[in-house]
Amino acid sequence: MDEFDLIRRITPKDTYQRSLIMGIGDDASVYQPHSHCEEVVCVDTMVEHVHFRFDFSTPFEVGFKAVAVNVSDIAAMGGTPKYYLVSIAIPPHGDETIVTELYEGMKALADSYHMDLIGGDTVATRSDFVITVTVIGEVSKGKACYRHSAQTGDVVFVTGELGSSAAGLSILMNKAAPSKAVDADFFLKRHKMPQPHIAAGHICSSFPRVTLNDVSDGLASELNEIAEASCVMIEIEADKLPIHPDLQVLRKDWLEWVLFGGEDFVLTGTIPESNWESFESQCQKEGIQVTRIGQVKDDQAASVMLKDNDQQTMLMKKGYNHFKK
């Protein structure tokens, strides 16, 4: 496979964004940001045998997810994705078919949000695939959703269901054996091809004060980040956590998947009680599942508590961590 031929083949023939001045074809890309917006930039790296395996996922699915995890970060800021760049390190086993399908998967997700591929880098490596995606987006000035604005009395919410991606991974690794009555394909798709919650993020950014995180490392970890940034105590209720009905069939201690499994890429955050009904109504009109799962209780101690019947347990900031066994 020739590097320059690859670049020619992945260079888009058409573009979506009118603000793009120069895309792929020069030393760098140039675009004109809108004056009424602020830029949002994020980057994530996926490493073969750490984040993905080709015996679990097709190259198309890997490429799709590589872009999706970044778009989810844009959603967590209340923004809109516009552009993406891809840096890919290709090992000896990375033949032309695999690489082509990787980019096709990326394009499939990007096209659904009218994102333009505007650059990146292609190199060779001696071991495994390394895929780094950078996404550039925009959010209206002063409307970005941060982690540091939660206050006592706020409603804690989540969009979508929790634990499904962890269930899908367990099925792939033969740690969970679904019966014929369980919709295994649902869980596998939630793990391999997550759908970012951009529309929910847009609704969040329309309110004056919403904290937001996407659930990538696990609900407990994401809420702890909000609690720490806002210096508050958050309490969530076990019986209010939204899950797929089959999750309890797959695993008795399903709460472990819900709290610490990660990679659901739904949104969780807080919103003032006075805005909750309006927020819930707007989500329902757009067909977005949103669930009230708890409340911000105190502005003194940064912590997250799980209320299960009459018991209260502190949830530690644990989930997937690259540097901990």
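Structure: see above.
In this text the structure is predicted, and so the values were computed from the model without any measurement.

Caption draft 1: Quick look at the environment of Ile136. Note that Ile136 resides in strand S6 (residues 130-140). We classify Ile136 as buried; its relative accessible area is 11%. Separated by 56 residues in the primary sequence, Ile136 and Thr80 have C-alpha atoms spaced 8.6 Å apart. Not counting the four nearest positions on each side in its chain, Ile136 is found in contact with Tyr31, Val40, Val41, Pro81, Lys82, Tyr83, Leu85 and Ile118.

Caption draft 2: Local environment of the pairing of S6. Of all 11 residues in S6, eight are buried; the element is thus mostly enclosed. For strand S3 (residues 37-47) and S6, the ladder comprises 11 bridges, and the chain directions are antiparallel. Pairing of Val47 across the sheet is with Val130, part of S6. Sheet topology places strand S4 (residues 80-90) next to S6; nine bridges connect them, and they run antiparallel. By the bridge assignment for S6, Leu85 is matched with Thr134.

Caption draft 3: View of the sheet that holds strand S13 (residues 311-314). Sheet architecture is open: seven strands sit in the order S8-S10-S7-S11-S9-S12-S13, paired in mixed fashion. Edge positions in the sheet fall to strand S8 (211-214) and S13, since each has one partner strand and no second. Going from strand to strand, the sheet's axes swing by 25° on average, the running direction of each strand aside. With four bridges connecting them, strand S7 (residues 155-159) and strand S10 (residues 267-271) associate as antiparallel partners. Bridge pairing in S10 links Phe157 to Gly269. Strands S7, S8, strand S9 (233-237), S10, strand S11 (290-298) and strand S12 (303-308) of the sheet are contacted by helix H7 (residues 219-230), whose axis makes an angle of about 150° with S8. In the packing of helix H10 (residues 273-285) onto the sheet, contacts are made with S7, S10 and S11, and the angle to S11 comes to roughly 165°.

Caption draft 4: Representation of the side chain of Glu61. Take Glu61: it is sitting in helix H2 (residues 59-75). On the basis of relative accessibility, which here comes to 15%, the residue Glu61 falls in the buried class. A polar side-chain atom of Glu61 sits 2.9 Å from the main-chain amide nitrogen of Thr58. Setting aside its immediate chain neighbours within four residues, Glu61 contacts Phe56, Lys192 and Met193.

Caption draft 5: A look at the packing of H2 against helix H3 (residues 96-112). Contact geometry for H2 and H3: axes closest at 6 Å, N-to-C directions at 40°. Comparing the axis directions of H2 and H3 gives the class oblique. Between H2 and H3 lies a crossing whose hand is right-handed. Facing H2, whose interface residues are Pro59, Phe60, Val62, Gly63, Phe64, Val67, Ala68 and Val71, H3 presents Ile98, Glu101, Leu102, Glu104, Gly105, Met106, Ala108 and Leu109. Broken down by class, the residue content of the contact of H2 with H3 amounts to 12 nonpolar, two polar and two charged.

Caption draft 6: Structural detail: the sheet that holds S6. Strand order in the open sheet formed by four strands is S3-S6-S4-S5, and the pairing between neighbours is mixed. Looking at which strands have only one partner, the edges of the open sheet turn out to be S3 and strand S5 (116-124). Here the average twist between neighbouring strands, direction ignored, is 15°. Packing of H3 onto the sheet brings it into contact with S4, S5 and S6, and relative to S4 it is tilted by some 170°.

Reading guide: rules and limits
Each chain has its residues counted from 1, running along the sequence as written. Predicted model: local features are reported for residues with pLDDT of at least 70 only, side-chain atom pairs are reported and counted for 80 or more only, and whole-chain, interface and lining totals are derived from all residues. Hydrogens are left out, water is left out, and the side-chain values use all remaining heavy atoms of the structure. Helix and strand definitions follow DSSP, with helices as H or I runs of at least four residues and strands as E runs of at least two, each counted in order from the N terminus. Residue burial is assigned from relative accessible area. The probe radius is 1.4 Å, only protein chains are included, and a residue is buried under 20% of its type maximum, exposed over 50%, and partly exposed in between. Residue contacts follow a heavy-atom distance rule, with two residues in contact if any of their heavy atoms lie within 4.5 Å. Two strands are counted as paired when DSSP detects at least two bridges linking them. Under this scheme, a helix contributes an axis fitted over its contacting stretch, all axes are lines through C-alpha atoms, and angles between N-to-C directions fall in the 0 to 180 degree range. Distance and chemistry together define a polar contact, namely a pair of N or O atoms within 3.5 Å, with one atom able to donate a hydrogen and the other to accept it when in protein, and with adjacent residues in sequence counting only for side-chain atoms on both sides. Any angle from 65 to 115 degrees is called roughly perpendicular, while one under 35 is roughly parallel, one over 145 is roughly antiparallel, and all others are oblique. Helix crossings fall into two classes, left-handed where the near helix is turned counterclockwise from the far one by less than a right angle and right-handed where it is turned clockwise. Lys, Arg, Asp and Glu make up the charged group, whereas Ala, Val, Leu, Ile, Met, Phe, Trp, Tyr, Cys and Pro make up the nonpolar group; the residues left over, Gly among them, are polar.

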